[in-house]
Amino acid sequence: MSRYDPSVIEPRWQTAWDEAGVFAARHDPARPKYYVLEMFPYPSGRIHMGHVRNYTMGDVVARFKAAQGFSVLHPMGWDAFGMPAENAAMERGGHPKDWTYGNIADMKAQMRPLGLSIDWSREFATCDPEYYGQQQALFIDMLAAGLITRKAAVVNWDPVDMTVLANEQVIDGKGWRSGAAVERRELVQWFFKISDYSEELLSALDGLKDWPEKVRLMQANWIGKSRGIEVDFPLTSPFAGQTALTCYSTRPDTLRAATFMAIAPEHPIARALAEADPKVAAFCEEARRGGTSEEAIETAEKLGHDTGLTVRHPVYPDKTLAVWIGNFVLMEYGTGAIYCCPGHDQRDLDFARKYRLPVVNAFHMPGETNVIGTEALVPAKDVTVAYDQHFTGITLSTAYDAIERSIDWMEAQGLGKGQVKYRLRDWGLSRQRYWGCPIPVVHCATCGVVPEKKENLPVELPYDVSFDKPGNPLDRHPTWRDVPCPTCGAPAKRETDTMDTFVDSSWYYARFTAPRSKTPTDAAEVDYWMNVDQYIGGIEHAILHLLYSRFFARAMHKTGHLPAKAIEPFSALFTQGMVTHEIYRTTDAQGRPVFHLPEDVIRSEAGATLKDGTAVEVIPSAKMSKSKKNVVDPMNIIAAYGADTARWFVMSDSPPERDVEWTASGAEATFKHLNRVWALCDRIGQMPADHRGEGDDDLARATARAIDEVTRSIEGFAFNKAIAALYGFTNTLAKANASTAVMKEAIRTLARLMSPMTPHIAESIWSYQGGDGLCAQAEWPKADPALLVDDTVTLPIQINGKRRAEISVAKDMAVPEIEKIALANEDVLRFLAGQPVRKIIVVPGRIINVVV
RNA sequence: GCCCGCGUGGUGAAAUGGUAGACACAGGGGACUUAAACUCCCCAGGCCGCAAGGCCGUGCCGGUUCAAAUCCGGCCGCGGGCACCA
């Protein structure tokens, strides 16, 4: 065997795998299938360590399952629509399509040398007309099935660029390019009616046993099921045709402490007031400032304007409450009007203190006075509190019980209606952008909104567009936009909005089962391959992508594109931690932030500079992101040490669910280790066939233990522990003095155990040591159970919980006998110093604790 | 602001109620070498001690338990998500 040279062996084995078609997914009804999928990448043009970690994890699972006899589907594609392509076109010229396909070619060229066991014959990009045409067919079917609707929605409007902005393009309430103050504007948009599935998506979470608990919890909170009551507050004098304000509240137990009302600036009453009163109009205008994100609204300063109107308290008619307009009340949620209990809600209290509104308690902590100062009294709902003069007569109660009693009482009095509500809103899919899947409908003056005929799909994006002006180029492309109505043939206009890119990623997993099908899916293929047995991706997708995919699978089932068994498309989910890195920032002449790639920054003990000496601000590690440019290029590691080193290293140190801070150190050490394995293989290969050693039994046991540990660790997604076990086994093997046959068997086992992580070197060892066929197709080793049990066990002895001694006893020794030996131990006697033993606890096989 | 996580040596971590620090990285010492690199061997949580050994120690404070890194309550710090980044 020559020296270890990955640049020679890695391409050789990759070619061998390709020629043998090892990774082509085969629809084989005789074998169990296993579908492993990693979240497909956005084609930024460069792979980074996060990709290497993500795809190596999936590859370990895919190779492991293949070795265990499964027919494995392990595909790869590109989440290729989205804003960066348009931004690139605006900043550097060129066309989003050319930029995207160029990036895909570049990234694929960087991924191939990793030696991933991917079936590349199934590759597609979401911007392929073949893919998005089928997505348009799905849209048309979903429209017909009543799963899609149109309604008004609020967007970020840049009044200078006259364009809609994404939330990330709104920085401190200003447009990222124009710097203009952003306004909230209403626009008619397309929506998927995901809220029809709120209860279904919530209750089905219980069945997702192999999803992380935290993801299910996050989704449950996002869906936000609440039980509350809808109450009318009568206006003391009717206004604008309204006689009452209708509010929804989840805390009717605090209704007595309501001291004022707040309505949204878009509320009909606020609009009517604004028409008559320029001061109200000015306030409503002001309240529309800022971005649409919940974060922006929740953290913005709460502003209010007193309308002068009052309402009567529905339960205590003597009380009247002032009606305010508040910039924090949203017309989209609930009824656009809320009643405020500053005593028991911090936001309401802050508002009340600011505008000198009254504050009262609905309850106190038992035995306390609880005068409200600057902090609202907000105990957990399961804490018993003392209600004051509560309308139901409740005195001591938890909030849980008081809420139920209040709802029952108010329903009985005809004052309100108990209701279940969900926080989950419909999914707005319209985007006023070019680089996305066109929404396949036509607007006709006589027929209204008409879906495109399926035989005309795909509705393809025109290539001849320019990005020199802000806004959507499809809007100013007459020959694409102006088409005859599919129904009546009269001149009509295409929808120029394109789809949210979350739509693209909500069904790609199904498409991989039959990527060239002339319909969105192929019944026989989805039936064999679905569901995804193991889905792997970043925790940042815990809510939106995964929830949308769960909805889409249901919608695809309803429209006949997926079988019922696939409505939960991902049987098991693993959320890997992120690869993080420091961020490097300078500012431009206008004071705006400019970010720099790590390779453009020179780091020293004193700080960081650019190559021209400009000082760079170093921001602590955060998720690697394109916009922050804190991404690391793994290609230099592959060039220097080979793919096996990169793969082993990203799997070795941190547990896969935890974030890992990228550092260059350690890759070198991995490479040295692989060299040691190579040399060990060489040495064993040259042992005389008749060599006899003393250590055959010990090595056989160590081999069995390694099989057991590596197998269990991979099954439990503890790849770092699998690698620790492989280090241990390699060290044992290197020191072993065993017979040639046992040594050879051990290193062939080592090759198979390493192969999911380091498939190329494993293949070389396998063939050199006389393994049959390709290691990639070899069966996974099985441990002999008889070799896994030890006859004796070491038991630590604690005295009052502190470890003081240890004894070695037979594995199956009876407890009384262990007690006797422990109490006779001389270290134990020394520590006891004659004190009487109060209790002795023996946990067989684990520990002994003597209590004095 | 709201929801969800995470916090253990100089570093990545292991131990998920039962011997805290496995396995590695960086570091120190030694062997080999004219020398260096490579390779191999040894040491290594902190404090006290010549040693034997002892005390302390898993972000901080408190609790449950024979026993807590692990379970519970409260704080602090860091990260993810917040519906148009993907």
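Residues numbered from 1 in each chain as written. Chains lettered and ligands numbered in written order. Predicted model: local features only at pLDDT ≥ 70, side-chain atom pairs only at ≥ 80, totals over all residues. Heavy atoms only, no water.

> What's the story with the overall build of chain A in this structure? I'm lost.
For chain A, the count of helices and strands is 26 helices and 36 strands. Principal-axis analysis of the C-alpha atoms places the extent of chain A at approximately 105 × 85 × 65 Å. When burial is assessed residue by residue, chain A has 54% of its 852 residues classed as buried. Just so you have it, chain A exposes about 37,800 Å², and 51% of that area is on carbon and sulfur atoms. With 93 positive and 109 negative side-chain charges, chain A shows a separation of 1 Å between the mean positions of the two kinds. (Helix = DSSP H or I, 4+ residues; strand = E, 2+ residues; numbered from the N terminus. Buried < 20%, exposed > 50% of the residue type's maximum accessible area, 1.4 Å probe, protein only. Areas by Shrake-Rupley, 256 points an atom, 1.4 Å probe, with all protein chains shown as cover. Lys, Arg positive; Asp, Glu negative; His and termini not counted. Charge placed at Lys NZ, Arg CZ, Asp CG, Glu CD.)

> When you look at the protein's contact with RNA strand B in this model, what are you seeing that I'm missing?
Close contacts around RNA strand B come from 66 residues, with Asn 167, Arg 433, Lys 721, Asn 731 and Asn 849 the closest. Atoms of RNA strand B within 4 Å of the protein: sugar and phosphate make up 65%, bases the balance. At a separation of 3.1 Å, a phosphate oxygen of RNA strand B approaches a polar backbone atom of Met 83. Side-chain polar atom of Arg 803 to a base oxygen of RNA strand B: 2.9 Å apart, as the coordinates give it. When residues of the surface near RNA strand B are assigned to their parent elements, the largest contribution, six residues, is made by helix H22 (residues 719-735). (Near = heavy atom within 4 Å. Polar contact = N/O pair within 3.5 Å; in protein donor to acceptor, adjacent residues only side chain to side chain.)

> Whenever I open this one, the nonpolar core confuses me. Can you help?
Within soluble globular proteins, side chains that are nonpolar generally end up buried alongside one another. Counting residues in each nonpolar core, the largest one holds 154 residues, and the members touching the most others are Tyr 508, Tyr 509, Phe 551 and Phe 552. Every residue in contact with Phe 552, bar those within four places of it in the chain, is listed here: Leu 138, Met 142, Phe 192, Trp 427, Val 503, Ser 506, Trp 507 and Tyr 509. (Core = buried A, V, L, I, M, F, W, Y, C linked by side-chain atoms within 4.5 Å. Contact = heavy atoms within 4.5 Å.)

> Is there a simple way to explain helix H23 (residues 740-754) in this structure?
Since the α-helix packs 3.6 residues into each turn, any two residues three or four apart lie on the same face. Look at H23: 21 Å from first C-alpha to last across 15 residues, which is about the 21 Å you get at 1.5 Å a residue. Taking burial as the measure, the 15 residues of H23 include 11 buried ones, the bulk of the element. Those residues of H23 that fall on the buried side of the exposure criterion are Thr 740, Met 743, Ala 746, Ile 747, Arg 748, Thr 749, Leu 750, Ala 751, Arg 752, Leu 753 and Met 754. Its buried side turned inward, H23 meets helix H19 (643-652), helix H20 (667-685), helix H21 (696-715), H22 and helix H24 (759-768). (Expected span 1.5 Å × (residues − 1).)

> Please clarify how the sheet that holds strand E7 (residues 183-192) should be interpreted in this entry.
Neighbouring strands of a sheet are bound in pairs by backbone hydrogen bonds; such pairs are parallel or else antiparallel. Judged by pairing direction, the sheet is antiparallel, and its four strands sit side by side in the order E4-E3-E7-E18 without closing on themselves. A single partner strand is all that each edge strand has here, and the edge strands are strand E4 (163-165) and strand E18 (427-428). In terms of strand pairing, E7 meets E18 through two bridges, oriented antiparallel. What sits directly across from Phe 191, in E18, is Gly 428. (Pairing = 2+ DSSP bridges.)

> Explanation requested: the confidence of the model for chain A in the structure shown.
Close inspection of predicted coordinates is inappropriate in any region flagged by low pLDDT. Scored by pLDDT, chain A comes out at a mean of 91, with 96% of its residues at no less than 70. Interface scoring of the predicted complex returns ipTM 0.94; its pTM is 0.92. (pLDDT = per-residue confidence, 0-100.)

> Help me understand the pattern of salt bridges, please; the structure alone is not making it clear to me.
All chains considered together, the criterion is met by 36 salt bridges. Between Asp 527 and Lys 565 there is a salt bridge; the shortest N-O distance is 4.0 Å. Separated by 38 residues along the polypeptide, Asp 527 in helix H16 (residues 523-529) and Lys 565 in the loop between helix H17 (544-558) and strand E26 (573-576) bring together distant segments of the chain. You can call Asp 527 partly exposed: its relative accessible area is 45%. (Salt bridge = Lys/Arg side-chain N within 4 Å of Asp/Glu carboxyl O.)

> It is not clear to me how the sheet that holds E26 should be interpreted in this structure. Could you clarify?
Judged by pairing direction, the sheet is parallel, and its four strands sit side by side in the order E2-E1-E25-E26 without closing on themselves. Edge positions in the open sheet fall to strand E2 (71-73) and E26, since each of these has one partner strand only. Adjacent strand axes in the sheet meet at a mean angle of 20 degrees when their direction is disregarded. Of the strands in this sheet, strand E1 (33-38), E2, strand E25 (534-538) and E26 touch helix H2 (residues 49-67), which is tilted by about 175 degrees from E1. (Axes fitted to C-alpha atoms, helices over the stretch in contact; angles between N-to-C directions.)

> I would appreciate a short explanation of the packing of aromatic side chains in the present structure.
For any pair of aromatic rings, the description consists of the separation of the ring centres together with the inter-plane angle of the planes. This model, assessed by the stated rule, comprises 41 aromatic pairs. Relative to Tyr 132, the ring of Phe 81 lies with its centre 5.5 Å away and its plane at 50 degrees, an arrangement referred to as tilted. Pair noted here: Phe 81 is in the loop between E2 and helix H3 (83-92) and Tyr 132 is in helix H5 (residues 129-144), with a separation of 51 residues, a long-range link. Each member of the pair, Phe 81 as well as Tyr 132, carries the same accessibility label: buried. When the ring centre of Trp 480 is taken as origin, the NZ or CZ atom of Arg 494, which lies over that ring, is 5.5 Å away. (Phe/Tyr/Trp six-rings, centres within 6.5 Å; stacked < 30°, edge-to-face > 60°. Lys NZ or Arg CZ within 6 Å of the ring centre and 35° of its normal.)

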